[in-house]
Amino acid sequence: MTTLPFFVYGTLRPGEPNHDLFLRGRTRSEERARLHDAVLYDGPGYPYAVENPGSVVVGELVTARPEAYPQLLRELDRLEDYAPGDPRNLYERVERRVTRDADGTAVRAWVYLAAPTVTAALRAHGRPIEGGDWLDRR
């Protein structure tokens, strides 16, 4: 398993409910970043990112403390209803390049994107979040 930082764009961002539950005290760094070629859709209390050329999703690049990484990865997979190869997944954990806001550096990170069946439903009937920022959805 590759150890990568996580790109978070919804309820795991600072100030959101899952940040304190899952990330507080377990990260080495958290910095603003962007996922290019993805669009954000409003879900039932949480967002979904879907690949879409030309769009951008705003979030944070979270680097876990090395000693916390294995357990955090398992917990985030469970939170995101992701199990490798399971057709019932709501999200798929995939490796993507994200760009740090501070210096424009591209970094490989784990990103939870909407699973294929969820993606199809969102493209057909979903509501995109203008500007790609979950915190500005209101």
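Cut-offs used in this document
Residues numbered from 1 in each chain as written. Predicted model: local features only at pLDDT ≥ 70, side-chain atom pairs only at ≥ 80, totals over all residues. Heavy atoms only, no water. Helix = DSSP H or I, 4+ residues; strand = E, 2+ residues; numbered from the N terminus. Rg over C-alpha atoms; globule rule 2.2 N^0.38 Å. Buried < 20%, exposed > 50% of the residue type's maximum accessible area, 1.4 Å probe, protein only. Contact = heavy atoms within 4.5 Å. Salt bridge = Lys/Arg side-chain N within 4 Å of Asp/Glu carboxyl O. Pairing = 2+ DSSP bridges. Axes fitted to C-alpha atoms, helices over the stretch in contact; angles between N-to-C directions. Phe/Tyr/Trp six-rings, centres within 6.5 Å; stacked < 30°, edge-to-face > 60°.

## Re the overall build of the chain
So, point 1. For the chain, the helix and strand inventory stands at 3 helices and 5 strands.
So, point 2. Ordered by position in the sequence, the α and β elements of the chain form the string β-α-β-β-α-β-β-α.
So, point 3. For 138 residues, the compact-globule estimate of 2.2 N^0.38 gives 14 Å, and the C-alpha radius of gyration of the chain, at 14 Å, lies within 12% of that figure.
So, point 4. Based on the C-alpha atoms only, the size of the chain along its principal axes is roughly 40 × 35 × 25 Å.
So, point 5. Within the chain, buried positions represent 49% of all 138 residues.
So, point 6. Of all intrachain contacts in the chain linking residues separated by at least 6 positions in sequence, the fraction that spans at least 24 positions is 66%.

## Quick look at the environment of Val 50
So, point 1. In this structure, Val 50 sits in strand S3 (residues 47–64).
So, point 2. Separated by 62 residues in sequence, Val 50 and Tyr 112 place their C-alpha atoms 9.4 Å apart.
So, point 3. Dropping the residues within four chain positions of it, Val 50 is found in contact with Asp 37, Ala 38, Val 39, Tyr 41, Ala 114, Thr 119, Leu 122 and Arg 123.

## Some remarks on the pattern of salt bridges
So, point 1. Under the definition given, this model contains 13 salt bridges.
So, point 2. The residue Arg 13 makes a salt bridge to Glu 60 at a minimum N-O spacing of 2.7 Å. Placement of Arg 13 in the loop between strand S1 (6–8) and helix H1 (17–23) and of Glu 60 in strand S3 is noted, with a sequence separation of 47 residues between them.
So, point 3. Residue Arg 13 is classed as buried on the basis of its relative accessible area, which comes to 0%.
So, point 4. By relative accessible area, which is 7% here, Glu 60 ends up buried.
So, point 5. When salt bridges that share partners are traced, they join Arg 13, Arg 32, Arg 34, Glu 60, Asp 101 and Asp 133 into one network.

## Considering the sheet that holds strand S4 (residues 91–100)
So, point 1. Spatial ordering of the closed barrel is given by S1-S3-S2-S4-S5, a layout of 5 strands whose pairing is mixed. Taking the axes of each pair of neighbouring strands and ignoring which way they run, one obtains an average angle of 45° across the sheet.
So, point 2. As paired strands, S4 and strand S5 (residues 106–114) are joined by 9 bridges and run antiparallel to one another. Its bridge partner being in S5, Val 94 is matched across the sheet by Val 111.
So, point 3. In the packing of helix H3 (residues 116–125) onto the sheet, contacts are made with strand S2 (27–42), S3, S4 and S5, and the angle to S3 comes to roughly 130°.

## Examining unusual backbone geometry
So, point 1. Of note in this structure, Asp 37 is not a glycine but carries a positive phi near 65°.
So, point 2. Along the chain, Asp 37 turns up in strand S2.
So, point 3. The class of Asp 37 is partly exposed, set by a relative accessible area of 44%.
So, point 4. Look at Asp 81: it is not a glycine, yet its phi comes out positive at around 50°.

## Here's the deal with the packing of aromatic side chains
So, point 1. In total, this model carries 5 aromatic pairs according to the counting rule given.
So, point 2. Ring geometry for Phe 6 against Tyr 69: centres 5.6 Å apart, planes inclined by 25°, an arrangement best described as stacked. Here Phe 6 is found in strand S1, whereas its partner Tyr 69 is found in helix H2 (residues 69–79), with 63 residues between them in sequence.
So, point 3. On the basis of relative accessibility, which here comes to 2%, the residue Phe 6 falls in the buried class.

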